[in-house]
Amino acid sequence: MKPIRANLWFDTQAEEAARFYMSVFKDSKMGSTTLAPEAGHEITNIPPGSVLTVTFELNGQPFLALNGGPHFTFNEAISFELPCKDQAELDYYWDRLSEGGDPAAQNCGWLKDKFGVSWQVVPENWEAMATDPDQAKVERVMAAMFEMKKLDFAALQRAFDGI
């Protein structure tokens, strides 16, 4: 079975978004581009010959970007979690993904990029901390996280350890 592919609906920025994301993620590659056909033009209002879809991969995860028009927009109900190995990596992705976006719109390591896509940039051990059997550790680390916009590895670890 092939991997599940995220399908992202843009107004007209599918190719721009794909190129932006590929500039952020070092392990990325462009796939195919399809152009809008004449057929269905009266329904889609997408000019024939313009970019309709772009496929690309980020860190091995396949995506399809669609120029579908202004009918649908992104919201926080769906986000991409990006686990990072250290603070430097987290800072890199936070800074790059928030360029032109709104990093202050959300707490708990979430940001909105310039296309309105939500990302949660977290330490790679976040799930282990949040699901630790010691409920006191979980409470401390969750309380610390709720006070943060961009997550701070060291502060989260101190809270988890009770320091």
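Residues numbered from 1 in each chain as written. Predicted model: local features only at pLDDT ≥ 70, side-chain atom pairs only at ≥ 80, totals over all residues. Heavy atoms only, no water.

Visitor: I would appreciate a short explanation of the sheet that holds strand β5 (residues 79-84) in the present structure.
Guide: Pairing between the strands of a sheet comes from backbone hydrogen bonds, and it takes one of two forms, parallel or antiparallel. Strand order in the open sheet formed by 3 strands is β5-β7-β6, and the pairing between neighbours is mixed. Each end of this open sheet is capped by a strand with a single partner; those strands are β5 and β6 (110-112). Averaged over all neighbouring strand pairs, the angle between strand axes comes to 25 degrees, with direction disregarded. Here 6 bridges tie β5 to strand β7 (residues 118-123), and the two strands are oriented parallel to one another. Along β7, the bridge assignment pairs Leu82 with Val121. (Pairing = 2+ DSSP bridges. Helix = DSSP H or I, 4+ residues; strand = E, 2+ residues; numbered from the N terminus. Axes fitted to C-alpha atoms, helices over the stretch in contact; angles between N-to-C directions.)

Visitor: Looking at this structure, how should I read the environment of Pro123?
Guide: Mapped onto the elements of the fold, Pro123 is located in strand β7. Residue class for Pro123 comes out buried when judged on its relative accessible area of 2%. Placed 33 residues apart in sequence, Pro123 and Leu156 show a C-alpha to C-alpha distance of 9.2 Å. Leave out the neighbours within four places in its chain, and Pro123 touches Cys84, Leu90, Leu151, Phe153 and Leu156. (Buried < 20%, exposed > 50% of the residue type's maximum accessible area, 1.4 Å probe, protein only. Contact = heavy atoms within 4.5 Å.)

Visitor: It is not clear to me how the side chain of Thr53 should be interpreted in this structure. Could you clarify?
Guide: Locating Thr53 in the fold gives a position in strand β3 (residues 51-58). At a separation of 2.4 Å, a polar atom in the side chain of Thr53 contacts the side chain of Thr34. Leave out the neighbours within four places in its chain, and Thr53 touches Ser32, Thr33, Thr34, Leu64, Ala65 and Leu66. (Polar contact = N/O pair within 3.5 Å; in protein donor to acceptor, adjacent residues only side chain to side chain.)

Visitor: Even after reading the chapter, I still don't get helix α5 (residues 135-146), so can you show me in this structure?
Guide: Counting along an α-helix, one turn takes 3.6 residues, and residues three or four places apart therefore face a common direction. Across its 12 residues, α5 extends 16 Å between first and last C-alpha, which sits within 8% of the 16 Å expected from 1.5 Å per residue. Within the span of α5, buried status applies to Val138, Val141, Ala144 and Met145. Projected down its long axis, α5 carries its buried residues within an arc of 135 degrees, all on one side. The secondary structure elements touched by the buried residues of α5 are α4 (126-130) and α6 (153-161). (Expected span 1.5 Å × (residues − 1). Arc of directions from axis to C-beta.)

Visitor: Sorry if this is basic, but what is going on with the pairing of β7 here?
Guide: When you tally the buried positions in β7, you get 6 out of 6 residues, the bulk of the element. Bridge analysis of β6 against β7 gives 3 bridges, and the strand direction is antiparallel. Across the sheet, residue Trp110 finds its bridge partner in β7, namely Gln120. If you look at the hairpin formed by β6 and β7, you'll find 5 residues sitting between the two strands, and Gly116 has a positive phi there, around 90 degrees.

Visitor: Would you mind going over the side chain of Asn67 with me for this structure?
Guide: Residue placement: Asn67 occurs in strand β4 (residues 61-67). With relative accessibility at 7%, the residue Asn67 sits in the buried group. Among the polar contacts made by the side chain of Asn67, one reaches the main-chain amide nitrogen of Gln13 at a distance of 3.1 Å. Setting aside residues up to four positions removed in sequence, Asn67 forms contacts with Phe10, Asp11, Thr12, Gln13, Ala14, Ile46, Val51 and Leu52.

Visitor: What should I look at first to understand the sheet that holds β4 in this one?
Guide: With respect to topology, 4 strands assemble into an open sheet ordered β1-β4-β3-β2, the strand pairing being mixed. Since the sheet does not close on itself, it has two edges, and those belong to β1 (6-10) and β2 (28-35), each with one partner. With strand direction ignored, the average angle separating the axes of adjacent strands in the sheet is 20 degrees. Two strands pair when backbone bridges link them, and β1 and β4 are joined in this way by 5 bridges, in the parallel orientation. The residue bridging Leu8 from the neighbouring strand is Ala65, located in β4. Docked against the sheet, helix α1 (residues 14-24) engages β1, β2, β3 and β4, running at close to 15 degrees with respect to β3.

Function-wise, these values are silent; they only describe arrangement.
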